[in-house]
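Structure at a glance
Here are the chains, one letter per residue:
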Amino acid sequence: MSKIKIRIVILGHIPHSLNIQKVQNWKSDLFEILSPIDTVNIVGDSDGFEWEFLDENMERQLPVRNGADVLIGVTNVPIQNNYFARRYSDNRVCMTYSTMTDILKYDNIPLENLLLRVIYSVSFVYRRYGNRIPLISESTNFAHDETRGCIFDMNGIKTDVIYSLNKPQLCDSCINTLTNIPQYKVGKNVIAKVQSELKGIKKGLYYRITDLLKKHPIPAIIFSSIFAITLGVIGSTIGRLLWELWIKHWL
Ligand SMILES: [Zn+2]
């Protein structure tokens, strides 16, 4: 099965540090990110009561796919119904960092993890619906309300998104669905490869270590005490040897 061609477009100004190069260089058996990742302006203002861009407005902001299978617009403005991703016509999706950045930064999650999760879920949706993204008006059931650390978590409570942005997965129910759709079944080898790729969507090493220490405080205290004592013994041994072999002969 050929890879899904994804075109990413930055829509307007992203006021914080998004390492888009990391996303550009991401390797997957499921999709490929087309180059270059372009930036286009947002024209006009919001038209919602909560300063959000309603669907018709956002439809006009998104550029055409230009040869890609799916276009994903990445923005920082709020979109309709306070969603962090919405589907539009002609296989186009928009994802926003509005209100999401604070949630991600509070839990030390790289901003790119959210975009990567959206790319994986959008790619599977594209396959599941026969190589097309269903319109927002279509009834769909690919997401589940329960938070399982799965890329198809609905995240109605937005802060729950953190559970699917550090080594996320496809849950058993989603795997079962994807591999049993008449006509559009996804191969088990692709599922296995993607499960492995998803493990690469994770926090930085420092924050993974601090998370581990917070999770197991007593072993952490014991280990750091043993480490400090060992370091002290090694230091005093080196000091004694230096004194015996070198320093005392100079005095
Ligand atoms: Zn799932």
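Let us look at the structure shown here. (Residues numbered from 1 in each chain as written. Predicted model: local features only at pLDDT ≥ 70, side-chain atom pairs only at ≥ 80, totals over all residues. Heavy atoms only, no water.)

Turning our eyes to something else, we now look at the environment of Ile201. Tracing the backbone shows Ile201 in the loop between helix 6 (188-198) and helix 7 (205-215). For the pair Ile201 and Arg240, spaced 39 residues apart in sequence, the C-alpha separation works out to 48 Å. With residues up to four places along the chain from it excluded, the contact list for Ile201 reads Trp26, Asn113, Leu116, Arg117, Tyr120, Leu165, Asn166, Lys167 and Pro168. (Helix = DSSP H or I, 4+ residues; strand = E, 2+ residues; numbered from the N terminus. Contact = heavy atoms within 4.5 Å.)

Another point: the pairing of strand 4 (residues 70-75). Among the 6 residues in strand 4, 6 count as buried, and that is most of the element. Side chains Val70, Ile72 and Val74 project from strand 4 onto one buried face, and the interleaved Leu71, Gly73 and Thr75 project onto a second face that is buried too. Direction of pairing for strand 1 (residues 4-11) relative to strand 4: parallel, over a ladder of 6 bridges. Across the sheet, the residue bridging to Ile10 is Val74, located in strand 4. Bridge count for strand 4 against strand 6 (residues 92-96) is 5 bridges, and the pairing is parallel. Within strand 6, the position partnered with Val74 by the bridge is Met95. (Buried < 20%, exposed > 50% of the residue type's maximum accessible area, 1.4 Å probe, protein only. Pairing = 2+ DSSP bridges.)

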